[in-house]
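A look at the structure
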Amino acid sequence: PVDRVLMQRNRQVLVLAPYMRQQIVLAHDTQRLADVQRAEDLKGLPLAAERGTGAASALMGFGGGALRDQVSIYNTGEEAVRAVIEGKAAGAYVMRAQAESTLFRARVAPGKVRLTPLPLPGVPDTGWTVGMAIKSEHKELGQALETALGQLRGSGELLAIFRKHGLTLTAP
């Protein structure tokens, strides 16, 4: 993440070249869960999340653990989304890129699974900016990476790469 506090606390690393915004979403089966307005809408439904992530912690910790017994933990976000595709879960709380790439590769019919932002306590409402990180002593490398990324963005190639994998390129 491109985070000023993180960057100030770790002077051994340069975080640079922000290129997208990442967000946690609920990938949900529209037949089982047509619309989600708030976390309370998830009560009683089987849910999925990725092991060891802030998303999993936020989902299981919501409302003092109100949803905890409904959450199955998977090794990856992709596996959590596949649980929705396979009908094992009504929704998976994962990063948007994980959901989009999994749905794209599985060729899920449009409208079968919807991605809905669902802010929970401890999860940034608008997501966070993603960039690159290098050792701080390699400033020339950083400048070269920023230049190359600018060229990829300017030529449309970065957008083409995202689209090729079924991802949405959101501005940082």
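Up top is the structure these notes are about.
What counts as what
- Residues numbered from 1 in each chain as written.
- Predicted model: local features only at pLDDT ≥ 70, side-chain atom pairs only at ≥ 80, totals over all residues.
- Heavy atoms only, no water.
- Core = buried A, V, L, I, M, F, W, Y, C linked by side-chain atoms within 4.5 Å.
- Buried < 20%, exposed > 50% of the residue type's maximum accessible area, 1.4 Å probe, protein only.
- Helix = DSSP H or I, 4+ residues; strand = E, 2+ residues; numbered from the N terminus.
- Contact = heavy atoms within 4.5 Å.

**Topic: the nonpolar core**
Core analysis: the biggest nonpolar cluster contains 21 residues, and Leu-26, Leu-42, Leu-59, Tyr-93 and Leu-120 have the highest contact counts within it. Of all the secondary structure elements, the ones that give two or more residues to this core are β2 (24-29), β3 (47-50) and α2 (54-65). Residue contributions to this core peak at five residues, all from α2. Not counting residues up to four positions away in its chain, the partners in contact with Leu-26 are Leu-33, Val-36, Leu-42, Gly-91, Ala-92, Tyr-93, Arg-114, Leu-115, Thr-116 and Leu-118. In this structure, Ala-27, Ala-48, Ala-80 and Val-81 belong to the second largest nonpolar core, which totals 15 residues.

**Re the environment of Ala-56**
Secondary-structure assignment places Ala-56 in helix α2. Overall, the relative accessible area of 3% leaves Ala-56 in the buried class. Distance from Ala-56 to Arg-96, taken between C-alpha atoms, is 14 Å for residues 40 residues apart in sequence. If we ignore the near neighbours within four places in the chain, the residues touching Ala-56 are Ala-49, Glu-50 and Ile-73.

**Side note on unusual backbone geometry**
Even without being glycine, Ala-17 reaches a positive phi, approximately 50 degrees. Within the secondary structure, Ala-17 is located in strand β1 (residues 13-22). The exposure class assigned to Ala-17 is buried, which follows from its relative accessible area of 5%. A positive phi angle, near 55 degrees, is found at Arg-107, a position not held by glycine. Here Arg-107 lies in the loop between α4 (96-105) and β6 (113-117). Among the residues examined, Arg-107 registers a relative accessible area of 74% and is labelled exposed.

**Describing the side chain of Gln-70**
When you line up the elements, Gln-70 lands in the loop between α2 and β4 (71-74). The class for Gln-70 is buried, based on a relative accessible area of 17%. Excluding residues that lie within four positions of it along the chain, Gln-70 makes contacts with Leu-42, Lys-43, Gly-44, Leu-45, Pro-46 and Leu-47.

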